Amino acid sequence: MLYASVIVDISLAKLDKCFSYIIPEELRDRALPGASVVVPFGNRKLKGYIVAVTDQVDIDPSRLKPILELQQEALSSQGQLIALAEWMRQNYGATMNQALRTVLPSAKRQAPKMRKVVHAGAEAEELSDALALLLSRARHSLGKERLLRELLHQPDIPWDELTQRLSIPSSDIRDLEKKGLLTIEEVRSLRDPLGAVRTQDSHWELPELNEDQRQICEDFASRYDRGDHRPSLLFGVTGSGKTEVYMEMIHHVLEKGRQAIVLIPEIALTYQTVMRFYLRFGGKVSILNSRMSPGERYDQFLRAREGEVSVMVGPRSALFTPFTDLGLIIIDEEHESTYKSQQPPRYHARETGIQRARLSGASVVLGSATPSVGSYFHAMEGDYHLYRLKRRAGGGQLPKVHITDLRAELMAGNRSIIGRELQTAIKDRLDRGEQTMLFLNRRGMAGFVSCRACGFVIKCPHCDVSLSLHRDGRLHCHYCGYQTEYKGICPSCGSKYIGTMRAGTEKVQQTIQQMYPAARILRMDADTTKSRHGHQKLLEAFANHEADILIGTQMIVKGHDFPDVTLMGVLAADLSLNVSDYRSAERTFDLLLQACGRAGRGDRPGDAYIQTYQPGHYAITSAADSDYTGFYEQEIAYRKLMKYPPFGHLLQIEITSSKEERAVAMGQFLKEKMIAVDRELTVFGPQAAGIARIDDVYRQILLVRDGSYQRLVAAKDTADVALREGSAPSGADVWFDFDPMDGF
Ligand code: ADP
Ligand code: ZN
Ligand code: ZN
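Bear in mind that the values here come from a model prediction, so they are computed numbers and not experimental data.

Student: For this particular structure, what's the right way to read the overall build of the chain?
Tutor: On a plain count of helices and strands, the chain comes out with 23 helices and 30 strands. Relative to the compact-globule value of 27 Å for 744 residues, the chain shows a C-alpha radius of gyration of 30 Å, a close match. Across its three principal directions, the C-alpha atoms of the chain cover 100 × 80 × 50 Å. Scored against the burial criterion, the 744 residues of the chain give a buried share of 52%. Long-range pairs, those at least 24 residues apart, make up 74% of the contacts in the chain with a sequence separation of at least 6. Total accessible area computed for the chain in this model is approximately 34200 Å², and 49% of it derives from carbon and sulfur atoms. If the 94 positive side-chain charges of the chain are averaged to one point and the 94 negative ones to another, these points end up 4 Å apart.

Quick look at the structure:
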């Protein structure tokens, strides 16, 4: 017997209330998640959606009633989102409630705000007569005069505009209403985040597409019209005009009466970007961002569902915009790690977007200047269609990139964090009145151990990732649990200049200030940007040339253009290169390429210096040469050899508890259960996480590795079932993370 879990009320306070029904034999084939059904409910009949299909129920099946009707047609847009939630629950691990809350808008249904609109209640002639009569009186009401003139000019006027901008007393409006000259209507008011933009006239001109851009758009359009919805990867260097291409593709889809979603990392969702979309599509565009209140977000979803807007631009969560006929999803900067959610279900917007597109017959376009290794691999395999833009659309040259070998600096007696060449270059910029950015790559300061004399990094003999120095004074592998003693001497050259790299932006600022006492320095990191607009203020100050040097972490690398910056120094490229994460080379390559791209945005050519202990590492040499494919070839060979994604997958199970032994017991329990069902499964751990305790909550990790994603999903399902058994240890929480983006 098959059962359906049905949700009958999508007013979201009750999302966790699903009811079980029997699926009648004749409906079996069509009773899938997302299908719209009619079910008996008390003595009523209610409409609902199937959320999940199971062959078991927790309650006595003889008490269940059957589904009465099932809608024949394709899934509605609401149904598609519910089907998507079920897919996410299944593939990323979460409760159905968590999955539904992720895809359906705003948890609390809020009473929509109302606003009043005044309409002319009579023909123009009658209004003119009324106005003439009014003017014939010596001392008439000026408010009424203005009101009548306004209504003659424009028959529908927002109440607020009359009372505020035109200062018409509300009593005057009410008086004319009584005389039947106007009517007052209350309409639901949906907030429009672009309202402020709309009132400004703009002088921006849209460029005409160049030959490369045009060809891509034409090919896309013809594939689209043929119904070829295979995902596309648009690989184009920064400034090659990808955004213009997206807009042309969207235009094509809108012409078919369908809608489009554009995902952009929040940090890149600037006024300029929004403005470009607005100029092209006007009032059809809306945006989402994390600063909006739940009510504002909810309004945008309503506007989309009701067809008021047809292009939604926003970060990850914009993927769930309830368009009725979604035709295109664009994911810009598809390699960004912010596309992975950190809340359960820990979904990735790329795969989830592809799944959503499949459900609604839409296309997906991924764009990047440094595609993720996984996406480029799919393009090479032919799963994705590859489009390339090789040149900058608006001209401009790449900076000259120099690599500084920090081992040689140490040998030459320079122990400072700034190499000699970079020192000279900074001085040179100060003399010329140009600006410098110094990037301290602190990503994942997790304590890998390296030698400053020879550059050697201590790695796991089994996994080829760096070992981490834990508080227990031993070196640990985060992938297989291997441990070894730490001796404090370089195993390669015997030097005692070995240890974890620690450098902070504050320290760098002091050093630089000592070297260049007259320089004006700004520092941007988590500390200096704590206040609400701290981030923005610092950037503005630097843009206004209130400082000569900007020192910062990742924050300064992405998305900001400063035309006076002609020098970029990457102080320690190794910090991200040796994080104990199989993706560390990919991240480093991406960061370095972006960092170097910051120098020389204006008309003056720029220089970039990459300082490193591993000057020969392919992530560094390829970034210096802006050679993506060179990097990719080395990286994919490594992934293949080590069976890392895309050749294999990881399921990270995080177990948290206020009692360490409970977390360990839960880890052991789940491991046994998973192995009992799948004897050959590779499970590492439980082991303490790199940060073993946060806020007095202990963290244990189980890692499951396999070539097949489905096998990991099955292991997750086994663990999920085991968690609900009576024998499961209590007092610990379990979080699933497939192909995690951050180490632990
Ligand atoms: P990307 O998204 O690839 O970084 P953009 O679409 O932002 O690139 O384009 C970079 C700059 O080049 C923008 O200022 C844009 O207006 C300009 N641009 C894009 N396409 C053209 C074109 N065909 N002709 C002239 N300028 C263009
Ligand atoms: Zn050494
Ligand atoms: Zn290992």
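Student: Honestly, the coordination of the zinc ion (ligand 2) in this entry has me stumped. Any pointers?
Tutor: A metal bound by six donors in octahedral fashion has ideal angles of 90 or 180 degrees, whereas one bound by four tetrahedral donors has an ideal angle of 109.5 degrees. On the protein side, the zinc ion (ligand 2) has Cys451 (SG), Cys454 (SG), Cys490 (SG) and Cys493 (SG) as donor atoms, found 2.3 Å from it. Considering all four donor atoms around the zinc ion (ligand 2), angles at the metal cover 108 to 111° and the coordination shape is tetrahedral. Read in sequence order, the donor residues for the zinc ion (ligand 2) give the motif C-x2-C-x35-C-x2-C. With Cys454 in the loop between β18 (449-451) and β19 (468-469) and Cys490 in the loop between β21 (483-485) and β22 (498-500), this residue pair connects regions lying 36 residues apart in the sequence.

Student: Where do I start with the pattern of salt bridges in this structure?
Tutor: Once their charged atoms are close, side chains differing in charge can pair, the charge on each being opposite to the other. A full pass over the atoms with the stated rule returns 37 salt bridges. Where salt bridges share partners, they join Lys340, Arg346, Glu654, Arg699 and Asp737 into one cluster.

Student: Any chance you could explain unusual backbone geometry here in plain terms?
Tutor: Backbone torsion omega between Pro645 and Pro646 reads 5°, so that peptide bond is classified as cis. Here Pro646 lies in the loop between α21 (628-642) and β27 (649-657). Cis rather than trans, the peptide bond between Gly685 and Pro686 has omega equal to 5°. Within the secondary structure layout, Pro686 lies in strand β28 (residues 682-694). Even without glycine at this site, Ser626 takes up a positive phi of about 50°. The class for Ser626 is partly exposed, based on a relative accessible area of 38%.

Student: Just to check I follow, could you spell out the pairing of strand β10 (residues 259-263) for this structure?
Tutor: Remark: a regular strand shows side chains that alternate across the two faces of the sheet. For β10, the tally of buried residues reaches five of five residues, placing the bulk of the element in the interior. Side-chain alternation along β10 places Gln259, Ile261 and Leu263 on one buried face and Ala260 and Val262 on a second face that is also buried. Two elements, β10 and strand β13 (residues 326-332), share five bridges in a ladder whose sense is parallel. Among the inter-strand pairings, Leu263 is bridged to a residue of β13, identified as Ile331. Taken together, the four bridges between β10 and strand β12 (residues 311-314) define a ladder with parallel strand orientation. Residue pairing for β12: Ala260 is matched across the bridge by Val311.

Student: Got a minute to help me understand the packing of aromatic side chains in this structure?
Tutor: Geometry of an aromatic ring pair is reported as the spacing of the ring centres plus the angle between the planes. Following the criterion strictly, the structure yields 17 aromatic pairs and no others. An angle of 10° between the planes, with centres 5.0 Å apart, marks the rings of Tyr582 and Tyr644 as stacked. You can see Tyr582 sitting in the loop between α18 (574-577) and α19 (584-597) and its partner Tyr644 sitting in the loop between α21 and β27, a full 62 residues away along the chain. Residue Tyr644 is classed as buried on the basis of its relative accessible area, which comes to 0%. Both rings, one in Tyr628 and one in Tyr632, keep their centres 6.3 Å apart while their planes meet at 20°; by these two values the pair is stacked. On the criterion of helical spacing, the pair formed by Tyr628 and Tyr632 is a turn pair, its members being four residues apart in helix α21. Judged by relative accessible area, Tyr632 falls into the buried class, the value being 7%. Among the aromatic residues, those joined into a ring-pair cluster are Phe235, Tyr376, Phe589, Tyr618, Tyr628, Phe631 and Tyr632.

Student: Looking at this structure, I do not really get the site of ligand 1. What am I missing?
Tutor: Close to ligand 1 lie 16 residues; Glu208, Gln213, Lys242, Thr243 and Arg276 are nearest. Measuring from an oxygen atom of ligand 1, one finds a backbone N or O atom of Lys242 at 2.8 Å. Here Arg276 contributes a side-chain N or O atom positioned 2.8 Å from an oxygen atom of ligand 1. Protein chains bury 70% of the 550 Å² of accessible surface belonging to ligand 1 in isolation. With three residues, the top contributor of residues to the shell around ligand 1 is helix α9 (residues 242-255). Partitioned by chemical class, the residues of the shell around ligand 1 number four nonpolar, eight polar and four charged.

Student: Which parts of the structure should I look at to understand the sheet that holds β12?
Tutor: Ordered in space as β11-β12-β10-β13-β14-β9-β15, the seven strands form an open sheet in which the pairing is parallel. Only two strands of the sheet have a single neighbouring strand rather than two, namely β11 (285-287) and β15 (385-389). Each strand axis lies, on average, 15° off the axis of its neighbour in the sheet, ignoring direction. With four bridges joining them, strand β9 (residues 232-236) and strand β14 (residues 363-368) adopt parallel strand pairing. Across the sheet, the residue bridging to Leu233 is Leu366, located in β14.

Student: Would you mind going over the side chain of Gln300 with me for this structure?
Tutor: Tracing the backbone through its elements, the reader meets Gln300 in helix α11 (residues 294-305). With relative accessibility at 1%, the residue Gln300 sits in the buried group. Within polar-contact distance, the side chain of Gln300 engages the side chain of Ser286 at 2.7 Å. If near-sequence neighbours (up to four positions away) are discounted, Gln300 is found in contact with Arg191, Asp192, Pro193, Ser286, Ile287, Leu288, Met292 and Met312.

Conventions adopted
Residues numbered from 1 in each chain as written. Chains lettered and ligands numbered in written order. Predicted model: local features only at pLDDT ≥ 70, side-chain atom pairs only at ≥ 80, totals over all residues. Heavy atoms only, no water. Helix = DSSP H or I, 4+ residues; strand = E, 2+ residues; numbered from the N terminus. Rg over C-alpha atoms; globule rule 2.2 N^0.38 Å. Buried < 20%, exposed > 50% of the residue type's maximum accessible area, 1.4 Å probe, protein only. Contact = heavy atoms within 4.5 Å. Areas by Shrake-Rupley, 256 points an atom, 1.4 Å probe, with all protein chains shown as cover. Lys, Arg positive; Asp, Glu negative; His and termini not counted. Charge placed at Lys NZ, Arg CZ, Asp CG, Glu CD. Donors = N, O, S within 2.8 Å, 3.2 Å for Na, K, Ca; no water. Tetrahedral: all angles 85-135°; square planar, octahedral: opposite > 155°, others 65-115°. Salt bridge = Lys/Arg side-chain N within 4 Å of Asp/Glu carboxyl O. Pairing = 2+ DSSP bridges. Phe/Tyr/Trp six-rings, centres within 6.5 Å; stacked < 30°, edge-to-face > 60°. Near = heavy atom within 4 Å. Polar contact = N/O pair within 3.5 Å; in protein donor to acceptor, adjacent residues only side chain to side chain. Nonpolar A, V, L, I, M, F, W, Y, C, P; charged D, E, K, R; others polar. Axes fitted to C-alpha atoms, helices over the stretch in contact; angles between N-to-C directions.

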